[in-house]
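# An overview of the molecular structure
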Amino acid sequence: MSRQTPTTTAQRTVTAFDTGVGRPAVAKDDTWITTGRAARELGLRRTEFDLAVRLGRIRTEPGRVAAERRVARAEIERLRAGPDFPEALRRSVHAVGTAEGAALLGVAKARFTRLARLGLVVPVAFHLNRYRAVVWLYLADELRLFGDDEKNAALLTGRTPEGLRGLLDSGIDLRPRNWRSRHLGFLLREAEDPWARAGAVASFLDPLHVAQVVRDPYERSHVHGFRRRPPGGGSPDSPGARIAADLMTARDPDEIAWLRADLARLVDEARGHRPAPRPSGSRPFPSHRTASESRATRVASAGARAPVRGAAGRTGPPGHPGRRRPRQTPRPARPLASSNRPERGAPVKWAGPGWCPGRACLVTLAGPACPETLVCPTTRRHSAGAPGARPAPYNARKSPSCTTETSMRPSRS
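Residues numbered from 1 in each chain as written. Predicted model: local features only at pLDDT ≥ 70, side-chain atom pairs only at ≥ 80, totals over all residues. Heavy atoms only, no water.

By the bridge criterion, four bridges tie strand 5 (residues 125–128) to strand 6 (residues 134–139) in an arrangement that is antiparallel. The partner of Ala-125 across the bridge, within strand 6, is Leu-137. Here strand 5 folds back onto strand 6, and the loop between the two strands holds five residues, one of which, Arg-132, carries a positive phi near 60°. (Pairing = 2+ DSSP bridges. Helix = DSSP H or I, 4+ residues; strand = E, 2+ residues; numbered from the N terminus.)

Using the criterion set out here, one finds 25 salt bridges in the structure. Across the pair Asp-262 and Arg-265 runs a salt bridge, and its minimum N-O distance is 2.3 Å. You can see Asp-262 and its partner Arg-265 sitting in helix 16 (residues 253–273), three residues apart, about one turn around the helix. A relative accessible area of 42% places Arg-265 in the partly exposed class. (Salt bridge = Lys/Arg side-chain N within 4 Å of Asp/Glu carboxyl O. Buried < 20%, exposed > 50% of the residue type's maximum accessible area, 1.4 Å probe, protein only.)

Under the definition given, this model contains three aromatic pairs. On the basis of an interplanar angle of 55° and a centroid distance of 5.5 Å, the ring pair of Phe-126 and Trp-136 is categorised as tilted. Here the residue Phe-126 occupies a position in strand 5, and Trp-136 occupies one in strand 6, the gap between them amounting to 10 residues. Using a relative accessible area of 6% as the deciding quantity, one classes Trp-136 as buried. Ring centres of Phe-126 and Trp-179 lie 5.0 Å apart, and the angle between their planes is 85°; this geometry places the pair in the edge-to-face category. Here Phe-126, found in strand 5, pairs with Trp-179, found in helix 11 (residues 175–190); they are 53 residues apart in sequence, far enough to count as distant. (Phe/Tyr/Trp six-rings, centres within 6.5 Å; stacked < 30°, edge-to-face > 60°.)

What follows covers the side chain of Asp-216. Of note, Asp-216 is situated in the loop between helix 13 (207–213) and helix 14 (217–224). Side-chain polar atoms of Asp-216 contact the side chain of Arg-278, separated by 2.8 Å. (Polar contact = N/O pair within 3.5 Å; in protein donor to acceptor, adjacent residues only side chain to side chain.)

Summary statistics for the chain give a mean pLDDT of 74 and a share of 60% for residues scoring 70 or more. Across residues 1–28, where pLDDT falls below 50, the model places seven contacts with residues more than four positions away in sequence or in other chains. Every residue in residues 377–389 is under pLDDT 50, and counting partners more than four places away or in other chains gives 24 contacts. (pLDDT = per-residue confidence, 0-100. Contact = heavy atoms within 4.5 Å.)

Looking now at the packing of helix 6 (residues 98–105) against helix 7 (residues 109–117). Following both chains from N to C, one finds helix 6 and helix 7 inclined at 100°, their axes separated by 9 Å at the closest point. Here helix 6 lies roughly perpendicular to helix 7, going by the angle between them. When helix 6 is examined against helix 7, the residues Thr-98, Ala-99, Gly-101, Ala-102 and Leu-105 are found in contact with a partner set consisting of Lys-109, Phe-112 and Thr-113. For the contact of helix 6 with helix 7, a count of residues per class yields four nonpolar, three polar and one charged. (Axes fitted to C-alpha atoms, helices over the stretch in contact; angles between N-to-C directions. Parallel < 35°, antiparallel > 145°, perpendicular 65-115°, else oblique. Nonpolar A, V, L, I, M, F, W, Y, C, P; charged D, E, K, R; others polar.)

If you trace the three strands from one edge of the open sheet to the other, you get 1-3-2, paired in antiparallel fashion. Among the strands making up the open sheet, the edge pair consists of strand 1 (32–34) and strand 2 (61–62). Pairing between strand 2 and strand 3 (residues 69–72): two bridges, direction antiparallel. The partner of Pro-62 across the bridge, within strand 3, is Arg-69. Across the sheet, helix 2 (residues 35–42) is in contact with strand 1 and strand 3; its angle to strand 1 comes to roughly 90°. Along the sheet, helix 4 (residues 73–80) makes contact with strand 1 and strand 3, crossing strand 3 at roughly 60°.

What follows deals with the nonpolar core. Ranked by size, the top nonpolar core spans 61 residues in total, and within it Leu-42, Phe-49, Ile-58, Phe-112, Val-121 and Leu-263 carry the most contacts. If one sorts the elements of this core by residue count, helix 16 sits on top with six residues. Beyond its immediate chain neighbours, meaning those up to four positions away, Leu-263 contacts Ala-198, Val-201, Ala-202, Leu-205, Val-210, Val-213 and Val-214. (Core = buried A, V, L, I, M, F, W, Y, C linked by side-chain atoms within 4.5 Å.)

We now examine unusual backbone geometry. With omega at 0°, the peptide bond leading from Phe-85 into Pro-86 counts as cis. Position of Pro-86 among the secondary structure elements: in the loop between helix 4 and helix 5 (87–92). The backbone of Asp-84 sits at a positive phi, close to 55°, despite the residue not being glycine. Inspection of the secondary structure assignment puts Asp-84 in the loop between helix 4 and helix 5.

Quick look at the sheet that holds strand 4 (residues 95–96) now. Overall, antiparallel pairing links the three strands, which are arranged 4-6-5 in an open sheet. Only two strands of the sheet have a single neighbouring strand rather than two, namely strand 4 and strand 5. Its contacts with the sheet place helix 8 (residues 140–148) against strand 4 and strand 6, and it is angled at close to 65° to strand 6.

Dropping the structure here:
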């Protein structure tokens, strides 16, 4: 007969995590797909898919790896359930060039280019052809809306108004600026971190302007980590990448001023949200102080460093007699050697031994009363007729024999 051992069941407190109440809804890995697979399932080319993401037609989420995007399976099902799929989606992201855009508006290519330069039609993307020329692309739907508007009928036919002709004659071209404004809106919608939004704005500024706005080196380095590269890919040192970087950099003064003000505001908001990483023990750079606060700080620090001067003119800390500072008399200025130097070949007067009036060592005096030559204090050379003349020492070492130095050597005969 076997003995049964009683078992004891431990009581466990039931929490909200057991019932699923209050637990955040986290999508499983099988509910997310990559952007490449999403483009294939939607029947779009990769360029069309990227343009649809920029325009907000397709919603994406950040992936597990930095700079990686992914698409939810529910987003794919939503797009598939739309009317006239996939033609409607493909038509909404259809971009055309200058020739096709001019055909849609029924105008010549030259007139279409003038409309684009004036900013009346805004490009949505660009690429470089095999000659590295910039090819601007425009949304076909926006061009149709522009052509159907009765207010724009005067711009499509007849002469261009006088004011617009003056702008064209001045060389205005608003296509790069309008594209930058549109691309900045896309980057700001994609950014989910305050520092990422600041980096998106900094992507359109020259690094020198960024350094002038973000004075803290650690904050500036953190912002540069979120800067976005120009579209198009390729090596950063390639000619095409340099052209794209030039198109992405603001050039107009008013545009630069607007981006600088926006960058300063976003950095201030990001600083309040989360400080930039910095080494332990380093103090934040006072870049966010106002001009009055910085001036007051400099005055206070200068007053703290200023020595206390007593009644006897002594300097030292408060309560200490200190030492009397010796008076420093100014050293008399030395006269310039070239102040009394005459020009080469000019007639001079005898000034006594030790005075050299020209650049040469021996200068023959002019005039019948002064047959002597002058004495150079540097070389100590004398002529035969000069007062106190003495033979000059032989100094023709390391000199070629064809010079006149060898003729001054005394004869041994």
